[in-house]
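# Overview (structure and organization)
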Amino acid sequence: SDTDPLAYEKLVDRMLVSPRYGERWARHWLDVVHYGDTHGYDKDKPRPNAWPYRDYVIRAFNDDKPYGRFIKEQVAGDVLYPDTADGHQAIGFIAAGPWDLIGHTEVPETKTDGKIARHLDRDDMVANTIGTFASVTIQCAQCHAHKFDPITQEDYYSLQAVFAALDREDRPYHADAAVRAAHEAAGQHQAALEKRQREIEASIAKAAGPRLAEIDKAIAAQPKPKNGNPDQLATLKAEREALLAATRDEKVTAELAEVTAGLGAAEAERKSLPPLQTIYAATPRQRGGVPRTIHVLSRGSVLAPTHEVSPGALALVEPLQSRFDLPPDHAEGDRRAALARWLTDTSNPLTWRSIVNRVWHYHFGEGIVATPSDFGHMGAAPTHPELLDWLAAEFRDGGGSLKALHRVIVTSATYRQASAGNGAFAAIDSDNQYLWRQNRRRLEAEAIRDAV
C-alpha cells in the first residue's frame, strides 16, 4: 500500500538493518559449517561453551563485517586479531563439527584407534574449511588422488599439516591483551610453585623411607570413620606425623611452608584478575603448540605412512603458491594465518565465487551453480558463468559487503519477477534454470513460525 516509488528499496534496507537479519543468515551459515551444540558420535555430550561462535556469526552479519575479514577470523583470528573478542570467538568454526569424545579422551594417540580418531578429526577441519570457503571436495583425496578434480593426496595432507597442532576443547580467552598476559604470568608462576611443591614433597618422602608409603596405603584403605575404627585411623596419622618429624630437614620444612603460602597468594592473585571467558574451539594447548608430523597415508591408512609433507593448500589455483613458505621456527598459528591469506587472496577465484553463489542459492532456491559446496567436475556447471564471475568480482572489489550483495540481488529485475507460468518458456526450460520467472518457494518451518 506504500505509494513511494522507492518503497521496495526502503523495505530491503529496513530488513538489512534489522537484528533479525543476522539471526536469519547465521542459521544458513551454521548449516554450511555443520555447527552443533553437542559433540555427536556415541555419547553426544553437550558443548555448553559453543554458543559464543554462534553469536559471533550473528554479530558479524549484522555488522556487515567484510567477508575477507570474516574468513580470516574463523581460520586464524586468535593469531591475526588476538586483541579482539571476535578473533578468539571466531575460531569456534574449526571445532564446529562432530567430535569423537571416546576416541580422543579414552584412547591414547599412541594406539591405532587413537591415531584414527585424530586423523578423522583433522579431516573434518580440512573438509569443513575448504568445502565452506572454496566449495571444493578436498576430502575425496584422503585415500587417493581425486578421481575427477586436479587434487592430489599431497594437497590434502598438506592441508592436514595446517591443523596438525590442534585439538578441540573449552578454551579460555580475553580480548584485552593486558588481562591475557596477567593471567598467563600468574598461571606460569603458580605452575612453577606447584612443581617445586611436588619436588619438596618427593624429597621428604624419600627421607622418610618406604614406611611412609606403607602408612599412606594403610590410611587410604581405612573405611570411613563412621563405619570403621577412628582410633586406628588416628594411630596411623600420628605415626605418619612422628615419622616425618623424625626425618624432616628444618630448611626443607621452611621452604615447603613458604611455597604453600606462595601458592595461596598466587591463587588469590588469579582470582583478583578480570575473569577469562570460555569458548569451545580449536586449541594448540594440549601439544604446547607443537604440530604433529603429517605423512601422506597410503590408501588413507594410519598404518601405512609414506613421505612427510609441509603445510600448504591446493595446487589447482595456479596464481597462488600451493606450499607455504614458512621459516623453520614458525609458530603453529603461522600455518593457519598462511591458509587464511591463501583463501582471501584476490587471485583466488574459488572463494569469491563460492560465497556469492551461496547467497544467490538462498534467495532463489538454487545457486547459479546448483551444487554450492562442489565446484568440481562432478558438481553442476554454472547456468550463468559470466554473471557468477561478475558478482564475484564486484563483491570482492567492493569490500566484501554481504549486505551490498543482498541489495544487488533482491533489487534486480530477475529477483523481482512474478512466479506466473508461461507455457512457451516452460516447454524450453521446464526447470526454470534460466530464470524466466521467479521460482515458487515453500515456506520453511521457521518462516511459518515467525509469521504465526
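Anything mentioned here points back to the structure above.
For every chain, the first residue of the written sequence is number 1, and numbering continues from 1 onward in sequence order. Note on the predicted model: pLDDT of at least 70 is required for a residue's local features to be given, and 80 or more for side-chain atom pairs to be given and counted; whole-chain, interface and lining totals, by contrast, use all residues. Each side-chain value is worked out from all heavy atoms of the structure, with water and hydrogens disregarded.

Throughout this description, the term salt bridge denotes a Lys or Arg side-chain nitrogen within 4 Å of a carboxyl oxygen of Asp or Glu. Under the defined criterion, the tally for this structure stands at 32 salt bridges. Note that Arg-27 is salt-bridged to Glu-446, the shortest N-O span being 3.2 Å. Of this pair, Arg-27 sits in helix H2 (residues 19-32) while Glu-446 sits in helix H18 (residues 445-451), placing them 419 residues apart in sequence. Between Glu-214 and Arg-211 there is a salt bridge, and its shortest N-O distance comes to 3.0 Å. You can see Glu-214 and its partner Arg-211 sitting in helix H10 (residues 210-221), 3 residues apart, about one turn around the helix. Under the DSSP-based scheme used, a helix requires at least four consecutive residues in state H or I and a strand at least two consecutive residues in state E, with every element numbered from the N terminus.

Glancing now at the side chain of Gln-74. Along the chain, the position of Gln-74 falls in helix H4 (residues 67-80). Burial classification: accessible surface area is computed with a 1.4 Å probe over protein chains only, and a residue below 20% of its type maximum counts as buried, one above 50% as exposed, and the rest as partly exposed. For Gln-74, a relative accessible area of 0% corresponds to the buried category. Here a residue-residue contact requires only that any non-hydrogen atoms of the pair lie within 4.5 Å. Dropping the residues within four chain positions of it, Gln-74 is found in contact with Trp-29, Tyr-53, Tyr-56, Ala-90, Ile-91, Phe-93, Ile-94 and Phe-133.

Turning to empty space enclosed by the protein, a few remarks are in order. Cavities and pockets are defined on a 1 Å grid built over the protein atoms alone: a cavity is a set of grid points where a 1.4 Å probe fits but cannot escape, while a pocket is an open set with protein on both sides within 12 Å along at least five of seven lines, and lining residues are those with an atom within 4 Å of any such point. Grid points are joined across faces, edges and corners, and a volume is the space filled by probe spheres set on the points. Tallying each qualifying case throughout the model produces 2 cavities of 30 Å³ or more. Approximately 120 Å³ is the volume attributed to the largest cavity. Sorting the residues of the lining of the largest cavity by element identifies H2, helix H14 (349-364) and helix H16 (402-410) as the ones contributing at least two each. By residue number, the principal contributor to the lining of the largest cavity is H2, which donates 5 residues. Estimated volume of the second largest cavity: approximately 40 Å³. In terms of lining residues, the second largest cavity is bounded by Tyr-35, Gly-36, Arg-47, Ala-50, Tyr-53, Gly-92, Ala-95, Ala-96 and Tyr-280. Gly is put with the polar residues, along with every residue not named as nonpolar or charged; the nonpolar set is Ala, Val, Leu, Ile, Met, Phe, Trp, Tyr, Cys and Pro, and the charged set is Asp, Glu, Lys and Arg. Taken together, the residues of the lining of the second largest cavity break down into 6 nonpolar, 2 polar and 1 charged.

This next bit is on the packing of H10 against helix H11 (residues 230-247). For helices, the axis comes from a line fit to the C-alpha atoms of the stretch in contact; other axes are also lines fit to C-alpha atoms, and the angle between any two N-to-C directions lies between 0 and 180 degrees. In contact at an axis separation of 10 Å, H10 and H11 are set at 155° when each is read in the N-to-C sense. The angle between H10 and H11 falls in the class roughly antiparallel. Crossing of H10 over H11 shows left-handed handedness. Only Leu-233, Leu-236, Lys-237, Glu-239, Arg-240, Leu-243 and Leu-244 of H11 make contact with H10, whose side of the interface consists of Arg-211, Leu-212, Ile-215, Asp-216, Ala-218 and Ile-219. Its residues placed into classes, the contact of H10 with H11 shows 8 nonpolar, no polar and 5 charged. An angle counts as roughly parallel when it lies under 35 degrees, as roughly antiparallel when it exceeds 145, as roughly perpendicular when it falls between 65 and 115, and as oblique in every other case. Helix crossings fall into two classes, left-handed where the near helix is turned counterclockwise from the far one by less than a right angle and right-handed where it is turned clockwise.

With that out of the way, let us pick up the nonpolar core. Trp-29, Tyr-53, Tyr-67 and Leu-339 are the most contacted members of the largest nonpolar core, which totals 85 residues. Ranked by residues supplied to this core, first place goes to H14 with 7 residues. Among residues more than four places away in sequence, those in contact with Tyr-53 are Trp-29, Leu-30, Val-33, Tyr-35, Gln-74, Gln-89, Ala-90, Gly-92, Phe-93 and Ile-279. Formed by 15 residues, the second largest nonpolar core is a distinct cluster that contains Ile-200, Leu-212, Ile-215 and Leu-233. Buried Ala, Val, Leu, Ile, Met, Phe, Trp, Tyr and Cys residues form a nonpolar core when they are joined through side-chain atoms within 4.5 Å.

The N-to-C vectors of helix H15 (residues 385-397) and H16 enclose an angle of 145°; their axes lie 10 Å apart at closest approach. The handedness of the crossing between H15 and H16 is right-handed. Touching Trp-390, Leu-391 and Phe-395 of H15 are Leu-402, Leu-405 and Val-408, all from H16. Split by residue class, the contact of H15 with H16 holds 6 nonpolar, no polar and no charged.

As a further point, take the layout of surface pockets. Picture a little ball the size of a water molecule; that probe, rolled over the atoms, points out where space is still empty. Counted as a void, the largest pocket has a volume near 1,000 Å³. Forming the boundary of the largest pocket are 26 residues, of which Met-15, Arg-24, Trp-25, His-363 and Tyr-415 lie nearest the centre. Of all the secondary structure elements, the ones that give two or more residues to the lining of the largest pocket are helix H1 (7-16), H2, H14, H16 and H18. Ranked by the residues each element gives to the lining of the largest pocket, the list is headed by H2, at 7 residues. In terms of residue class, the lining of the largest pocket is made up of 12 nonpolar, 4 polar and 10 charged. Put simply, the second largest pocket is a space of about 640 Å³. Pro-172, Arg-180, Glu-184, Leu-276 and Arg-285 are, among the 21 residues lining the second largest pocket, the residues nearest its centre. Looking at the lining of the second largest pocket, the elements with two or more residues in it are strand S1 (167-173) and helix H9 (177-208). Of the residues that constitute the lining of the second largest pocket, the class distribution is 6 nonpolar, 7 polar and 8 charged.

The next point concerns helix H3 (residues 51-62). Expected helix span is taken as 1.5 Å per residue step, with the number of steps being one fewer than the number of residues. Compared with an ideal rise of 1.5 Å per residue, which puts 12 residues at 16 Å, H3 spans 17 Å between its outermost C-alpha atoms and is within 8% of the ideal. All buried positions along H3 are accounted for by Pro-52, Tyr-53, Tyr-56, Val-57, Ile-58, Ala-60 and Phe-61. On its buried face, H3 is in contact with H2, H4, helix H5 (85-89), S1, strand S2 (277-283) and H16.

Of all the 7 residues making up S2, 5 are buried; the element is thus mostly covered by neighbouring parts of the structure. Relative to S2, S1 runs antiparallel, the two being bridged by 7 bridges. Of the residues in S2, the one forming a bridge with Asp-170 is Tyr-280. Should DSSP find at least two bridges between two strands, the strands are taken to pair.

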